[in-house]
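Chain residues, written in single-letter form:
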Amino acid sequence: MKKFICLLIIFVFTVCAAQSVTLSGGVSYTASEARELAFENVQIKVDVNKYKEHFVDKNYEKNQELLDRGKTRYRDREIIKFSDGYYGVCYKNNKNISFYYDKTGCLNSFSVVIIDDYPQKGAIYDKNGYLRTTFLNVSHTEQFVFNLDKKLISHWIGKNCYNERGELVKTRR
């Protein structure tokens with residue numbers, strides 16, 4: 001499940017150890033500073049009724065066809081396929097919300113960007129609207145992801161993902 005959540009976050013934003021990193025402009029974040037900001041004013045439960053049209057992927061067949069052909073962009077949306085068969089869809093008319101579906105096209109979770117400027121902040125909710133994780137993108141290449149216990153799940157720097165001990169745990173293409 002941790003892999004899935006991390007992969008979901010990768011789709012939403014492209015983004016070392018739990019040490020601080022200096023950003024342009026001189027701003028730096030430690031993992032604990034990022035954690036505090038990531039959870040500040042985040043709703044634990046959201047109303048899923050406003051997302052009910054996305055409970056089932058209305059473009060399931062077309063999305064699968066596109067993914068099978070290796071295409072990730074279509075007229076009104078971007079799509080990504082994860083190694084476990086799940087996939088995500090982000091519509092161009094609202095890039096602050098992404099929907100994640102299981103292999104059959106049923107909604108598994110969705111992400112919401114809460115703050116659009118850097119540092120970008122967002123949350124991933126399950127299909128019932130309960131908070132799963134929060135994330136903080138401090139730049140295009142760096143992202144912190146925390147679980148509900150406020151534990152650092154992953155710290156992405158570029159294509160590398162580190163755990164809370166600063167150990168490289170995975171990479172992405």
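Predicted model only: the values in this text are computed from it and were never measured. (Residues numbered from 1 in each chain as written. Predicted model: local features only at pLDDT ≥ 70, side-chain atom pairs only at ≥ 80, totals over all residues. Heavy atoms only, no water.)

A. Geometry of the packing of aromatic side chains. Scanning the model with the defined rule gives 8 aromatic pairs in all. With 6.3 Å between their ring centres and 5 degrees between their planes, F144 and F146 make a pair best called stacked. A relative accessible area of 0% means that F144 is categorised as buried. A relative accessible area of 0% places F146 in the buried class. Taken together through their ring pairs, the aromatic side chains of Y51, F99, F110 and Y125 make up a single cluster. The ring of Y130 carries the charged tip of K45 above its face, separated from the ring centre by 4.7 Å. The cationic tip of K58 hangs over the ring face of Y91; the distance from NZ or CZ to the ring centre is 5.6 Å. (Phe/Tyr/Trp six-rings, centres within 6.5 Å; stacked < 30°, edge-to-face > 60°. Buried < 20%, exposed > 50% of the residue type's maximum accessible area, 1.4 Å probe, protein only. Lys NZ or Arg CZ within 6 Å of the ring centre and 35° of its normal.)

B. Fine view of helix α3 (residues 60-68). Looking at α3, one finds that the buried residues are N63, Q64, L66 and L67. Summarising the axial view, the buried residues of α3 lie within an arc of 160 degrees, below the 170-degree limit, and thus occupy one face. Turned more than 90 degrees away from the buried face of α3 sit E61 and D68, all of them exposed. If you follow the buried residues of α3, they end up packed against β3 (73-74), β4 (77-81) and β5 (87-91). Within two residues after α3, G70 carries a phi angle of roughly 80 degrees, on the positive side. (Helix = DSSP H or I, 4+ residues; strand = E, 2+ residues; numbered from the N terminus. Arc of directions from axis to C-beta. Contact = heavy atoms within 4.5 Å.)

C. View of unusual backbone geometry. In this structure, P119 follows Y118 across a cis peptide bond, with omega equal to 0 degrees. Considering the arrangement of structural elements, one finds P119 in the loop between β7 (107-115) and β8 (120-126). In this structure, N41 is a non-glycine residue whose phi angle is positive, near 60 degrees. Counting through the fold element by element, N41 comes out in the loop between α2 (31-39) and α3. According to the relative accessible area criterion, N41 is exposed, its value standing at 68%.

D. The arrangement of the confidence of the model for the chain in detail. Summarising the model, the chain shows a mean pLDDT of 84, and 83% of its residues fall at 70 or more. By mean pLDDT, the top-scoring element of the chain is strand β6 (residues 97-101) (96), and the lowest-scoring one is strand β1 (residues 21-22) (38). Scored below 50 in pLDDT, residues 6-26 shows 79 contacts in the model against residues more than four places distant or in partner chains. (pLDDT = per-residue confidence, 0-100.)

E. The arrangement of the environment of V138 in detail. Structurally, V138 is set in the loop between β9 (131-137) and β10 (142-147). Sequence separation of V138 and Y118 is 20 residues, and the distance between their C-alpha atoms is 5.8 Å.

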